[in-house]
Amino acid sequence: MAFVTSDPRARLTSLGPSSKPVEAYGAASYAKFYETNPQIETETERSWIARGQHFVVVYSELRKDSGVARSNEQDEYFLLVPDPAASLQVSSGGQSTKVPGNSVVIVAPGDSSVEALSDTTIVRIFTSRASDLAARASNAASYEVDAPNLLPLESWPEPVEGYKTRVYGLDVPNVPERFGRIWRTRCLMINYSYPRPGPRDVRKMSPHTHEGFEQGSLCLSGTFVHHLRWPWGTDARLWQEDTHEICAGPSLAVIPALILHTSQQCGTGINQLVDIFAPPREDFSAEAGWVLNADEYPAAPR
C-alpha cells in the first residue's frame with residue numbers, strides 16, 4: 001500500500017493491515033443532512049443527529065437568542081463554531097463564557113447551555129453515553145449490534161486543571177511537521193483539517209487503514225468522495241465491493257475499522273472536513289506537537 005511520503009501520517013507505524021484474526025468487518029454509514037429532515041425541528045432550532053459506535057454528532061441551525069441545553073452530561077463534549085461571524089454564550093462548569101466564531105470549544109460535563117447571539121450553525125460532538133441523542137440518530141439502526149474490531153470507550157486521565165469551558169481559535173499556523181489541527185478530551189479527539197481547495201490531485205491520494213476505531217468524517221462544506229476497500233482475506237464470505245460515496249456538506253461518513261480508505265475533495269471551492277475519533281488516538285497523541293491541547297489533557301498511560 002503506497003502512502004504519500006509528504007503526508008506526516010506516513011511515519012506512523014500504527015497504520016496498516018491488522019495482524020489479528022478478523023471474524024467480521026463493520027459497515028460504513030452515511031448521514032447526508034442536506035437530503036433529510038432534521039431529527040429536531042422547532043421555530044428556533046433545526047438539528048440533525050447521526051452517530052458512530054462511540055460518538056454522536058448533532059448539527060444544528062439556531063436562530064438568534066435561541067439555545068440548546070444539556071443536563072447531567074456524563075462526559076465533556078466538543079462544540080464547533082465554524083462561522084467566523086458567529087457569537088455564542090456558553091455556560092458550563094459553573095462559568096459563563098462568550099465564544100466567538102471560528103472556534104472549537106470543550107464543554108464541561110454536567111449541566112450546560114449554548115445560546116446563539118446571532119443566527120448561526122453549530123456542531124456538537126458527544127460520546128455515545130449521551131444515550132438519548134444516540135437513540136435519535138438517523139443511523140441508530142446501524143448500531144443495534146455493536147460494530148466489530150473497536151477499542152472500548154474508556155476515559156483517559158482527567159484534565160490537569162479540572163473541568164471547565166475551554167475555547168480554542170482555529171487560526172492555528174499550518175506547519176509541515178504537524179498533521180491538521182487536533183484537540184482531544186478524555187474520551188474524544190477531533191482533527192479539524194485545514195480547508196482544502198479542490199479538486200484534489202488524484203496522483204496524491206493517501207489510502208490507509210487503522211485498527212481499533214471508526215473514523216467519523218464530518219463534511220462542513222464542499223464535496224468529498226470517500227473511497228473504501230474491504231480486505232480480501234482467506235474467508236471469501238467477508239469480501240465486499242469497493243465503494244465510492246459522494247458526500248457534500250453538511251454530512252457525516254462513518255468509516256469502519258480496518259477498512260482501506262481515503263477521502264478526495266472534489267468541490268471546486270473550499271472543502272472542509274473534521275475527523276472524529278473515540279476514544280482518542282494513541283498514535284496521534286504520541287507525536288510531539290500534534291495534539292494542540294496535550295498540556296491540558298494527559299495521554300493514557302501505556
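Up top is the structure these notes are about.
Note that the structure is predicted; figures quoted are calculated from it, not measured.

(A) Examining the nonpolar core more closely. Grouped together as the largest cluster of nonpolar side chains are 32 residues, with contacts concentrated most on Leu80 and Leu218. Dropping the residues within four chain positions of it, Leu218 is found in contact with Phe33, Val57, Leu80, Val123, Ser251, Leu252, Gln272, Leu273, Val274 and Ile276. Val81, Val105, Val114 and Ile122 belong to the second largest nonpolar core, which has 24 residues in total.

(B) Structural detail: the packing of aromatic side chains. In this structure the tally under the stated criterion is 10 aromatic pairs. An aromatic cluster of three or more residues is present, and its members are Phe179, Phe213, Phe277, Phe284 and Trp290. For Arg181, the ring lying beneath its charged end belongs to Tyr194, and the centroid distance is 4.5 Å. The ring of Phe277 carries Arg281 above its face, with NZ or CZ at 4.9 Å from the centroid.

(C) Region of interest: the pairing of strand E9 (residues 103-107). The element E9 is largely enclosed, with a buried count of five among its five residues. Here E9 shows no split at all, with Ser103, Val105 and Val107 on one side and Val104 and Ile106 on the other all buried. Examined bridge by bridge, strand E6 (residues 77-81) and E9 share five bridges and lie antiparallel to one another. For Val81, the partnering residue across the bridge sits in E9 and is Ser103. Bridge analysis of E9 against strand E12 (residues 166-169) gives four bridges, and the strand direction is antiparallel. Each residue of the ladder has a partner; that of Val105, found in E12, is Val167.

(D) Up close: the side chain of His261. Assignment of secondary structure puts His261 in strand E20 (residues 260-265). For His261, a relative accessible area of 2% corresponds to the buried category. A polar contact of 3.3 Å, which involves the side chain of His261, links it to the side chain of His210. For His261, the side chain forms a polar contact with the main-chain oxygen of Ile259, separated by 2.8 Å. Not counting residues up to four positions away in its chain, the partners in contact with His261 are Ser206, Pro207, His208, Thr209, His210, Gln215, His227, Leu228 and Ile255.

Cut-offs used in this document
Residues numbered from 1 in each chain as written. Predicted model: local features only at pLDDT ≥ 70, side-chain atom pairs only at ≥ 80, totals over all residues. Heavy atoms only, no water. Core = buried A, V, L, I, M, F, W, Y, C linked by side-chain atoms within 4.5 Å. Buried < 20%, exposed > 50% of the residue type's maximum accessible area, 1.4 Å probe, protein only. Contact = heavy atoms within 4.5 Å. Phe/Tyr/Trp six-rings, centres within 6.5 Å; stacked < 30°, edge-to-face > 60°. Lys NZ or Arg CZ within 6 Å of the ring centre and 35° of its normal. Helix = DSSP H or I, 4+ residues; strand = E, 2+ residues; numbered from the N terminus. Pairing = 2+ DSSP bridges. Polar contact = N/O pair within 3.5 Å; in protein donor to acceptor, adjacent residues only side chain to side chain.

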